[in-house]
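Remarks on the overall topology
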Amino acid sequence: MDLRIFTEPQQGASYDTLLTVAKATEDLGFDAFFRSDHYLRMGDADGLPGPTDAWITLAGLARETSRIRLGTLMTAATFRLPGVLAIQVAQVDQMSGGRVELGLGAGWFEEEHTAYGIPFPKEKFGRLEEQLAIVTGLWETGLGETFDFHGTYYDLTGSPALPKPAQARIPVLIGGHGATRTPRLTARYADEFNMPFASIEDSAAQFARVRAAVEAAGRKGDDLTYSNALVVCVGKDDQEVARRAAAIGREVGELKENGLAGTPAEVVDKIGRYAEIGARRFYLQVLDLSDLDHLELISAQVQTQLP
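Because the structure is predicted, anything quoted here is derived from the model rather than measured.

So, unusual backbone geometry
Here L48 and P49 are connected by a cis peptide whose omega angle stands at 10°. Checked against the element boundaries, P49 lands in the loop between β2 (32–35) and α2 (54–64). Even without a glycine there, the phi angle at A161 is positive, about 55°. Within the secondary structure layout, A161 lies in the loop between β7 (155–159) and β8 (172–175). Look at F197: it is not a glycine, yet its phi comes out positive at around 50°. Looking at the element boundaries, F197 is found in the loop between β9 (192–196) and α7 (200–216).

Right, dumping it as structure tokens:
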């Protein structure tokens, strides 16, 4: 059972803060450090000191860590051309010694596009499908060969398909609630399916759809890793849980219903219920990046209780 730390830096975090959290992630025995890919705060957060770029951040962390996996939930396809993204991710994979994973999504937050002059196309899912084909196709092209792609949105001719990642295959993550197109894309391109911020019941239904699509595509259902992303708020007692919930502007009851919240025993129990429906990896959305004691508690009293 993998526990991964998942951060939302657009809510307010410098690179130095992210580096501190990533080093704690490594030192405390977690499997990976992931971050969102956004350029604008959401909700009431002030967003200070301003956004950090996901792949520039991961490039820095690649040189400052040695064990943990590094990746995105999810890189927005609207932010980058697919050829450029393939180069960026392959380079960071080389810089990390082969520890990178790519979560890729269609992009959805129109306001951040408007704020930074990024085009926000009407047809996003078709672009995502072509990006997945191009990025994975470039990495899979043999040395000395060239890659061509002629689609509706992107056109590549005679690409040398360089550089190559350090890994033979960079794991690709696809996620979401879509009932038809998302499972189909997952079956074709993904190594992992992630269900974000969903109940056990909704996760079970979506895992079943994805598994069916994977098997229909001629793969084994268990070829994929099935994972959940959930907000985390753990305390050694009810008072500490309440304090941590207040620090992120959330209610304890809501967090217990929609996330992994409560005492270590309560959280271990809920993780077990997700595991029963097939989840094997959890992205713990940590919203207070200054509270390293929180990570220490999860490491010592949650992670140690998991198989």
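Right, picking up where we left off after that structure.
Things to note about the packing of aromatic side chains
Taken as a whole and assessed by the stated rule, the structure comprises seven aromatic pairs. With a centroid separation of 5.0 Å and 70° between ring planes, the pair formed by F34 and Y283 is classed as edge-to-face. Note that F34 is positioned in strand β2 and Y283 in strand β12 (residues 281–286), a separation of 249 residues in sequence. The burial state of F34 is the same as that of Y283; both residues are buried. Cluster of aromatic residues (ring-pair linked, three or more members): Y39, F79 and Y116.

Concerning the side chain of S159
Position of S159 relative to the elements: it lies in strand β7. Residue classification places S159 among the buried residues on the basis of a relative accessible area of 17%. At 3.1 Å, the side chain of S159 and the backbone nitrogen of A161 are in polar contact. Look past the residues within four positions of S159 in its chain and what remains in contact with it is L138, E145, T146 and F147.

Notes on the environment of E276
Tracing the backbone through its elements, the reader meets E276 in helix α10 (residues 264–276). Spatially, the C-alpha atom of E276 lies 21 Å from that of A179, the residues being 97 residues apart in sequence.

Some words on the pairing of β9
Taking burial as the measure, the five residues of β9 include five buried ones, the bulk of the element. The alternating pattern of β9 places E192, N194 and P196 on one face and F193 and M195 on the opposite face, and all of these are buried. Inspection of the sheet shows β8 paired to β9 by three bridges, in the parallel sense. Considered in β9, the bridge of L173 is made with E192. As for the winding sense of the linkage, the β-α-β connection from β8 through helix α6 (residues 181–189) to β9 is right-handed. By the bridge criterion, five bridges tie β9 to strand β10 (residues 225–234) in an arrangement that is parallel. Directly across from P196, in β10, lies its bridge partner A229. With respect to chirality, the unit in which β9 leads through α7 into the neighbouring parallel β10 is right-handed.

Some points on the pattern of salt bridges
On inspection of all chains with the given rule, the structure shows 19 salt bridges. Note that K236 is salt-bridged to E240, the shortest N-O span being 2.8 Å. For K236, a relative accessible area of 55% puts it in the exposed group. Taken together, the salt bridges that share partners define one network made up of K236, E240, R243, R244 and D291.

Notes on the nonpolar core
By size, the foremost hydrophobic cluster in this structure holds 75 residues, and its most contacted members are L3, W55, W139 and F282. With eight residues, helix α5 (residues 125–140) is the largest single contributor of residues to this core. Not counting residues up to four positions away in its chain, the partners in contact with L3 are F30, D31, A32, I271, F282, L284, I298, V302, Q303 and L306. Core analysis: the second largest hydrophobic core is formed by eight residues, A32, L173, A229 and Y283 among them.

Structural notes on the side chain of N228
Inspection of the secondary structure puts N228 in strand β10. A relative accessible area of 0% places N228 in the buried class. A polar contact is formed between the side chain of N228 and the backbone oxygen of M195, at a distance of 3.5 Å. A distance of 2.9 Å separates polar atoms of two side chains, one belonging to N228 and the other to S203.

What counts as what
- Residues numbered from 1 in each chain as written.
- Predicted model: local features only at pLDDT ≥ 70, side-chain atom pairs only at ≥ 80, totals over all residues.
- Heavy atoms only, no water.
- Helix = DSSP H or I, 4+ residues; strand = E, 2+ residues; numbered from the N terminus.
- Phe/Tyr/Trp six-rings, centres within 6.5 Å; stacked < 30°, edge-to-face > 60°.
- Buried < 20%, exposed > 50% of the residue type's maximum accessible area, 1.4 Å probe, protein only.
- Polar contact = N/O pair within 3.5 Å; in protein donor to acceptor, adjacent residues only side chain to side chain.
- Contact = heavy atoms within 4.5 Å.
- Pairing = 2+ DSSP bridges.
- Right-handed = clockwise from strand over helix to strand, strands pointing away.
- Salt bridge = Lys/Arg side-chain N within 4 Å of Asp/Glu carboxyl O.
- Core = buried A, V, L, I, M, F, W, Y, C linked by side-chain atoms within 4.5 Å.

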